[in-house]
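# Topology and contacts: notes
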Amino acid sequence: MKKIYAIALLAMAAAGANAQNGAPLYITGEGFEPKWSAVEPLQFTWDAATSLYSIDAENLTSFAISTGKGTEEDGAWDIFNAGRMQANTVDMNGEWANLEAGTGNILAPYPTVAPSKGKIEVKGDLSQIRITMESAKDSYGVYLRGGMNGWLNEDWDTLSPKWQLKAENDTTYYINFDGVSIKAGEPFKIGDKGWAWVNFGCGDENKEPKMLDVPSTLDYNGNNNITLDEDCTGSVVIVFSSQNLMDPATVTFSNDPYEPQEQGGVEGVVVDGNEAAEYYNLQGVRVNDARNGLYIVVKGGKAQKVMVK
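This text gives an overview of the structure that appears in the document. (Residues numbered from 1 in each chain as written. Predicted model: local features only at pLDDT ≥ 70, side-chain atom pairs only at ≥ 80, totals over all residues. Heavy atoms only, no water.)

Another point: the sheet that holds strand S4 (residues 52–57). Here five strands make up an open sheet; going across it, the order is S3-S4-S10-S11-S7 and the pairing antiparallel. Strands at the two margins of the open sheet, each flanked by one partner only, are strand S3 (45–47) and strand S7 (96–98). When the angles between neighbouring strand axes are averaged without regard to direction, this sheet yields 25°. Of the pairings in the sheet, the one linking strand S10 (residues 118–123) to strand S11 (residues 128–133) comprises five bridges and is antiparallel in character. By the bridge assignment for S11, Val-122 is matched with Ile-129. (Pairing = 2+ DSSP bridges. Helix = DSSP H or I, 4+ residues; strand = E, 2+ residues; numbered from the N terminus. Axes fitted to C-alpha atoms, helices over the stretch in contact; angles between N-to-C directions.)

Laid out in structure tokens, this is it:
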């Protein structure tokens with residue numbers, strides 16, 4: 001009798017461990033109709049032969065998945081979020097990424113030229129997710145969005161060219177102001193059109209006004225707006241992490257224009273003479289270990305500002 005009871009318990013445990021396989025799994029977001037609905041999310045297709053959930057999307061940017069959906073009568077998002085999962089899938093096209101409980105949005109690996117078609121697959125035990133995009137990677141489209149331009153929420157096509165940062169390389173974006181500026185105390189963030197892949201503000205630990213010519217840190221999905229301690233009329237340079245776009249980024253505001261380096265980093269410095277270059281921070285203090293940020297490089301009697309990456 002004890003043996004039969006033990007076997008029954010093992011069977012129940014096994015059934016519990018595999019309970020999700022085939023049970024409903026829901027998705028809602030930017031590329032699904034209705035958009036961001038906890039009451040009417042779409043349902044994944046379950047394939048018992050491969051033990052995979054899957055769904056195709058015509059316009060894939062950001063989305064959320066959950067094992068539950070709400071009703072009109074109940075707190076729909078409370079129910080949806082109770083079974084919600086998140087993952088870091090940026091720059092992981094066609095690769096499996098780990099899923100975990102959480103309410104963060106899941107992003108397509110990168111923006112693409114429209115239409116942004118993609119396929120989403122989830123393992124039956126909900127341990128991993130894989131997103132495969134059909135189109136090649138496109139620019140992130142990085143903008144300054146804030147009080148100085150109405151957050152670019154209206155009249156996008158007219159306003160955006162003035163506030164769009166250019167890509168120097170895969171991780172460095174910059175803008176040299178031409179007839180515009182950021183006023184001291186004016187709130188803003190750095191983001192893309194949909195606040196998806198690029199969405200940088202200040203975290204709770206670094207929300208004080210930023211100084212000009214002093215590299216500072218911005219947080220992905222930072223809750224607080226950015227402000228400056230004085231007007232900025234020159235340039236803004238932001239350097240993303242080369243490992244993970246969602247890691248903190250380094251930003252420098254200046255009243256001087258930024259000159260992009262052809263090769264980037266210290267190796268991009270070209271000056272006359274064979275003597276060693278000397279590096280100084282923007283307060284004029286010499287440094288022996290120049291890390292990420294803006295520095296003054298002196299060599300051969302010449303000085304220039306260089307972004308070290």
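The side chains of a regular strand alternate, residue by residue, between the two faces of the sheet. The buried count for strand S19 (residues 249–254) comes to six of six residues, which makes it a mostly enclosed element. Burial along S19 is two-sided: the face carrying Ala-249, Val-251 and Phe-253 and the face carrying Thr-250, Thr-252 and Ser-254 are both buried. By the bridge criterion, three bridges tie strand S17 (residues 216–220) to S19 in an arrangement that is antiparallel. Among the inter-strand pairings, Ser-216 is bridged to a residue of S19, identified as Val-251. (Buried < 20%, exposed > 50% of the residue type's maximum accessible area, 1.4 Å probe, protein only.)

Once that is clear, we can look at the environment of Gln-20. Checked against the element boundaries, Gln-20 lands in the loop between helix H1 (2–17) and strand S1 (26–29). Engagement of the side chain of Gln-20 in a polar contact is seen with the backbone oxygen of Pro-24, the distance being 3.4 Å. (Polar contact = N/O pair within 3.5 Å; in protein donor to acceptor, adjacent residues only side chain to side chain.)

Close approach of charged atoms lets side chains of opposite charge pair. Following the criterion strictly, the structure yields five salt bridges and no others. Lys-117 serves as the salt-bridge partner of Glu-58, at 3.8 Å between the closest nitrogen and oxygen. One end of the pair, Glu-58, is in the loop between S4 and strand S5 (62–66); the other, Lys-117, is in the loop between strand S9 (106–107) and S10, and 59 residues separate them in sequence. Residue classification places Lys-117 among the partly exposed residues on the basis of a relative accessible area of 29%. (Salt bridge = Lys/Arg side-chain N within 4 Å of Asp/Glu carboxyl O.)

Now for a negative patch on the surface. A cluster of acidic residues, Glu-40, Glu-72, Glu-73 and Asp-74, forms a negative patch at the surface. Within the fold, Glu-73 resides in the loop between S5 and helix H2 (76–82). (Patch = residues over 30% accessible without salt bridge, like charges linked within 9 Å, V, L, I, M, F, W, Y side chains within 5 Å. Areas by Shrake-Rupley, 256 points an atom, 1.4 Å probe, with all protein chains shown as cover. Lys, Arg positive; Asp, Glu negative; His and termini not counted. Charge placed at Lys NZ, Arg CZ, Asp CG, Glu CD.)

This part covers the sheet that holds S17. The pairing of strands in a sheet happens through backbone hydrogen bonds and is either parallel or antiparallel. Taken together, the eight strands give an open sheet; going across it, the order is S12-S15-S16-S17-S19-S18-S14-S13, and neighbouring strands pair in antiparallel fashion. Every other strand in the sheet has two partners, leaving strand S12 (143–146) and strand S13 (166–167) as the edge strands with one partner each. With four bridges joining them, S12 and strand S15 (residues 188–191) adopt antiparallel strand pairing. Within S15, the residue paired with Tyr-143 across the bridge is Gly-191.

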